[in-house]
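# Structural features, examined
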Amino acid sequence: MNAPVQTAEARELALAGMGASRLRKEDARFIQGKGNYVDDIKMPGMLHMDIVRSPIAHGRIVKINKEAALAIPGVHAVLTADDLKPLKLHWMPTLAGDVAAVLADEKVHFQMQEVAIVIADDRYIAADAVEAVEIEYEELPVVLDPYAALQPGAPVIRDDLAGKTEGAHGKRDHHNHIFTWDAGDKSAADAAFDKAEVTVSQHMYYPRVHPCPLETCGCVASFDPIKGDLTTFITSQAPHVVRTVVSMLSGIPESKVRIVSPDIGGGFGNKVGIYPGYVCAIVASIVLGRPVKWVEDRIENISSTAFARDYHMDGELAATADGKITGLRVNVVADHGAFDACADPTKFPAGMFHIVSGSYDIPAAHASVKGVYTNKAPGGVAYRCSFRVTEAVYLIERMVDVLAQKLGMDKAEIRAKNFVKKEQFPYTSAFGFEYDSGDYQTALDKVLEAVDYKGLRAEQAAKRADPNSPTLMGIGLVTFTEVVGAGPSKMCDILGVGMFDSCEIRIHPTGSAIARMGTITQGQGHQTTYAQIIATELGIPSEVIQVEEGDTSTAPYGLGTYGSRSTPVAGAAIALAARKIHAKARKIAAHMLEVNENDLDWEVDRFKVKGDDSKFKTMADVAWQAYHQPPDGLEPGLEAVHYYDPPNFTFPFGIYLCVVDIDRATGETKIRRFYALDDCGTRINPMIIEGQIHGGLTEGFAVAMGQQMPFDAQGNLLGNTLMDYFLPTFVETPHWETDHTVTPSPHHPLGAKGVAESPHVGSIPTFTSAVVDAFSHLGVTHLDMPHNAFRTWKALREHGAAL
Ligand code: PCD
Ligand SMILES: [Cu+]
């Protein structure tokens, strides 16, 4: 009997390649508790580190007494800044061009700052020893408000910068001023405002929040005193960058430093930076010659590792009387805490904030961001957003609503009127971004129809007409554009290393494969989706393609995973590495079939001789040949490496609509409906995309409806536990409806754009838009987040709408 003939479609399905909702390969180990996280790593002779932290937000260190701590049995060392000084490691450079104290040097600048470390036999002894370290402080006045910090007589936060009038990003004009960064054309924007028929302005505060991944930060550092090798397992979203920085700081050749990011329990930007704890654990391992583990607890994570946002924003729009936007002006005061430790591409101290013109064709625009020091923890990371895109999208979407309100126009109508039109792409914004592709109107129409927008507005009007309605109904609409995939090396670097990414693929003789990339999954499912790209490109089933990331000793150099850059950058590298292999495979197949390369057609998983379906060689046949008997003149083996430097960012977009019902008696807000349409170009795994959207929407819900990091007057962070800091569970999380359109990126080899951050960036202003919409008939133009029941109830009272 002949073997069953499989159609091309059947063979394609069997590959589980691009477009397939392939189940996550990583889940088999995660759901069985077989993940391997930093805290699962145990090494022979391993010691444990814990950190002594400042109880006050600002003060001088008068005295540190280690005696009692050192006397506890099992304590190996207590180290302070003075111990790090001879190694010049008591301060370290930050990604933003500032320096940050590794251990407080004479002064503490924020509550919970790292002051000393204790290394002991186990975590419990270390914790006891932390309590036993005696530190005397002389308290200094605390400044928490960035506007107050810029007053002439404000307390000096950074004594170490005394007299420095120049920072990493230009002039400093006050002792607490970090930088002022401008984008766009100020005089053009001013001229638009001078001529405007209508102008609106709005102040808004985007609160300080924390990414709060389930797994906190930590590492296991192991220095081998004999070989001089340093291996560190670390919760890092950018292991290669860590290797470079560790080598630069320690003087150990980069070839002797191995950084491994094992499984990571969520990153969300929190694991991009290099924290004092990592540096201290590495130093401790070098000093003691034994492996040292450090893992933060939840309170340490929320209070001291990177926060996000904390932007005080003023927006202004100029427009014609019929709603065409003619100008945009934005002023931001950015609270960076005590050290400028923002994680942004080097040349962008406010990240990609200048995407602030959004999805709209605005002819003249200017934005200015002023970074300020305060007595708070440093950070400023891209919490599920590609470097301050969240703040930018929030601002423009709020402003367009404010303008619509002033003009009495519908939210959807004013947006459609100002969209960058399909035929305008590639479109260069007033800030200089070249938007690669988009089709906003099609997406908007789809959403408005899906939710019956007219019907919703009619229902809202009826509710408003009824004075006894128990609820206020609000409809939020946001039409956002993101900028992800940092980035072209000519624009984006981290500490001088261009933001390219990489992929290496090796096909084995029997036709299975291993592939390694410079990115690192933290839950996104790269092991599943990357294999799908290779499967489609090379005709090898996803199932036999092993994807490995995160070990600097094996993976090619890459800049890591954040800013939704993996698909736009590494995803392209994967496709192009696969195409190099494909080109070689074609030569081998031609040799095997004794035809010219040009006489071959590629079909799913095989090269076929043109016009003769019976003559073909599959990729598996070719792989065997490559190792068995390659054609003369061709080297054996079948592998390729590709480093991809994107020509541009990608610009995914989305249209989100939210309906809320606010209880007029309690202020409780029910999310009745949330409809999210996303366009990320070519979709690799629709199921994973949907999961990413659900996760990002849930995090957006958390930020908009509950997350905040309030401080008391002394600088104590109130609410640094999960009792207080809002992490929605299944119980609080609304039901999400998802939809999509597909507008491929013209410059990406697969047409794919990043997607993971879109739902976060897009949803937050949608919630605010909905809540404010419920109050808009009362003349309310804006309400700051979080929209928790208490704050919303106060607004109901203030505007005479409470029952
Ligand atoms: N078109 C397309 C796109 C995409 N995709 C898919 O999806 C995902 C994603 O992707 P993307 O967008 O590219 O991104 P990535 O880079 O990878 O990632 C990153 C992100 O991611 C997200 N998501 C997530 N998830 C999880 N689970 N976890 C985590 O952690 C996380 N994180 C978050 C964040 S925050 Mo930042 O860092 O802040 O900046 S950024 C971020 C993957 O898997 C991929 O493959 C597909 O399929 N298609
Ligand atoms: Cu961001």
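Residues numbered from 1 in each chain as written. Chains lettered and ligands numbered in written order. Predicted model: local features only at pLDDT ≥ 70, side-chain atom pairs only at ≥ 80, totals over all residues. Heavy atoms only, no water.

An unreviewed UniProt entry annotates the protein chain as Carbon monoxide dehydrogenase large chain of Limnohabitans planktonicus II-D5. Its UniProt record, at the heading Function (unreviewed entry), says of the protein chain: "Catalyzes the oxidation of carbon monoxide to carbon dioxide." (UniProt positions renumbered as here; feature names shortened; annotations may be inferred.)

Now for the side chain of Asp310. For Asp310, the position within the fold is in strand E17 (residues 308-319). On the basis of relative accessibility, which here comes to 0%, the residue Asp310 falls in the buried class. Polar contacts involving the side chain of Asp310 include one to the side chain of Tyr205, which spans 2.6 Å. The residues contacting Asp310, other than those within four sequence positions of it, are Tyr205, Tyr206, Pro207, Arg208, Val333, Ala334, Asp335 and Lys376. (Helix = DSSP H or I, 4+ residues; strand = E, 2+ residues; numbered from the N terminus. Buried < 20%, exposed > 50% of the residue type's maximum accessible area, 1.4 Å probe, protein only. Polar contact = N/O pair within 3.5 Å; in protein donor to acceptor, adjacent residues only side chain to side chain. Contact = heavy atoms within 4.5 Å.)

Counted according to the given criterion, the structure contains 57 salt bridges. For the salt bridge of Arg11 with Asp605, the shortest nitrogen-to-oxygen distance reads 2.5 Å. With Arg11 in helix H1 (residues 8-15) and Asp605 in the loop between strand E28 (600-603) and strand E29 (606-609), the pair connects residues that are 594 residues apart, well separated along the chain. We note that Arg11, like Asp605, is buried. (Salt bridge = Lys/Arg side-chain N within 4 Å of Asp/Glu carboxyl O.)

A word on the coordination of the copper ion (ligand 2). Note on the copper ion (ligand 2): its protein donors are Cys385 (SG) and Arg388 (N). The metal-donor distances range over 2.0 to 2.4 Å. One exposure class covers both Cys385 and Arg388, and it is buried. (Donors = N, O, S within 2.8 Å, 3.2 Å for Na, K, Ca; no water.)

Let us now look at the sheet that holds strand E31 (residues 639-644). Within the open sheet, the 4 strands sit side by side as E27-E26-E25-E31. Their pairing is mixed. The outermost strands of the open sheet, each flanked by one partner alone, are strand E27 (545-549) and E31. Across the sheet, the mean angle separating the axes of adjacent strands is 15 degrees when strand polarity is ignored. Where strand E26 (residues 513-517) lies against E27, 5 bridges are found, and the strand directions are parallel. Following the sheet pairing, Ile514 is matched in E27 by Gln546. Its contacts with the sheet put helix H16 (residues 566-593) on strand E25 (501-507), E26 and E31, and the angle it makes with E31 is roughly 145 degrees. (Pairing = 2+ DSSP bridges. Axes fitted to C-alpha atoms, helices over the stretch in contact; angles between N-to-C directions.)

Its place among the elements puts Ala458 in helix H14 (residues 453-465). In this structure the C-alpha to C-alpha distance between Ala458 and Tyr627, which are 169 residues apart in sequence, comes to 70 Å.

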